[in-house]
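Structural overview
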Amino acid sequence: MLLTAGLIPYNIFVMNMIDKLLTLCSGYCESRKIVFPTLSTLIFNSGTTLSRLQNGGSITVRNYEHAVEWLSDHWPEDQQWPDYIERPKERVEG
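We now turn to the structure provided with this report.

What counts, and where the lines are drawn
- Residues numbered from 1 in each chain as written.
- Predicted model: local features only at pLDDT ≥ 70, side-chain atom pairs only at ≥ 80, totals over all residues.
- Heavy atoms only, no water.
- Core = buried A, V, L, I, M, F, W, Y, C linked by side-chain atoms within 4.5 Å.
- Buried < 20%, exposed > 50% of the residue type's maximum accessible area, 1.4 Å probe, protein only.
- Helix = DSSP H or I, 4+ residues; strand = E, 2+ residues; numbered from the N terminus.
- Contact = heavy atoms within 4.5 Å.
- Disulfide = S-S within 2.5 Å.
- Polar contact = N/O pair within 3.5 Å; in protein donor to acceptor, adjacent residues only side chain to side chain.
- Axes fitted to C-alpha atoms, helices over the stretch in contact; angles between N-to-C directions.
- Parallel < 35°, antiparallel > 145°, perpendicular 65-115°, else oblique.
- Phe/Tyr/Trp six-rings, centres within 6.5 Å; stacked < 30°, edge-to-face > 60°.

Let us look at the nonpolar core. Ranked by internal contacts, the top residues of the largest apolar core, which has 22 residues, are Leu 21, Cys 25, Leu 39, Ile 43, Leu 50 and Leu 71. Where this core is concerned, the elements lending two or more residues are helix H1 (17-32), helix H2 (36-44), helix H3 (49-54) and helix H4 (61-74). Setting aside residues no more than four positions away along its own chain, Cys 25 makes contact with Phe 36, Leu 39, Ile 43, Leu 50 and Leu 71.

Listed below in structure tokens is the structure:
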């Protein structure tokens, strides 16, 4: 079933944090032509964290926030951030 406003699948609104993170990671990996273990190492300094999440594992909220901030800071300029996932606000250095 699609919502008429923007034709976004209804189930996208009930995505949990892990699903959102994995969606972002998939898009990043596809754009950069890298695999999950490589991205996992870049974000978490552990090549197995994203695979663990794919298999039902969990992470702390702090690690989730770190990962989404990392992805936002390194997101490819030629790729659009998914509209249905909130993007962190840019941090102002100072």
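Its identity is not glycine, yet Lys 33 carries a phi of approximately 60 degrees, on the positive side. For Lys 33, the position within the fold is in the loop between H1 and H2. Positive phi, normally seen in glycine, also occurs at Asn 45, with a value near 60 degrees. With respect to the secondary-structure elements, Asn 45 resides in the loop between H2 and H3.

Evaluation of the coordinates by the stated rule reveals zero disulfides. With no disulfide of its own, Cys 25 lies 6.4 Å from the sulfur of Cys 29, the closest cysteine sulfur.

A few words now on the environment of Met 17. Looking at where Met 17 falls in the secondary structure, it is placed in helix H1. For Met 17, a relative accessible area of 40% gives the class partly exposed. Considered as a pair, Met 17 and Ile 59 are 42 residues apart in the sequence and their alpha carbons are 9.9 Å apart.

In this fold, Ser 40 is placed in helix H2. When its relative accessible area of 0% is taken as the criterion, Ser 40 is described as buried. At 3.2 Å, the side chain of Ser 40 and the backbone nitrogen of Leu 50 are in polar contact. Contacts of Ser 40, omitting those with residues within four sequence positions, involve Asn 45, Ser 46, Gly 47, Thr 48, Thr 49 and Leu 50.

With that settled, consider the packing of H2 against H4. Angle between the axes and distance between the axes are the two parameters that describe a pair of packed helices. In the contact formed by H2 and H4, the axes pass within 10 Å of each other and the chain directions differ by 110 degrees. Considered as vectors, H2 and H4 are oriented roughly perpendicular to each other. Residue-level contacts link Leu 39, Leu 42, Ile 43 and Phe 44 of H2 to Asn 63, His 66, Ala 67, Trp 70 and Leu 71 of H4.

The next subject is the packing of aromatic side chains. One pass over the full model with this rule turns up three aromatic pairs. Here the aromatic rings of Tyr 28 and Trp 70 are separated by 5.6 Å at their centres, their planes lie at 70 degrees, and the arrangement is edge-to-face. Linking Tyr 28 in helix H1 with Trp 70 in helix H4, this pair joins segments that are 42 residues apart in sequence. Using a relative accessible area of 6% as the deciding quantity, one classes Tyr 28 as buried. A centroid spacing of 4.9 Å and a plane angle of 65 degrees characterise the contact between Trp 75 and Trp 81, whose relative ring orientation is edge-to-face. Each of the two residues, Trp 75 as well as Trp 81, counts as buried. Among the aromatic side chains, those forming a connected cluster through ring pairs are Tyr 28, Trp 70, Trp 75 and Trp 81.

In short, the description is geometric, and any link to function would need to be established separately.
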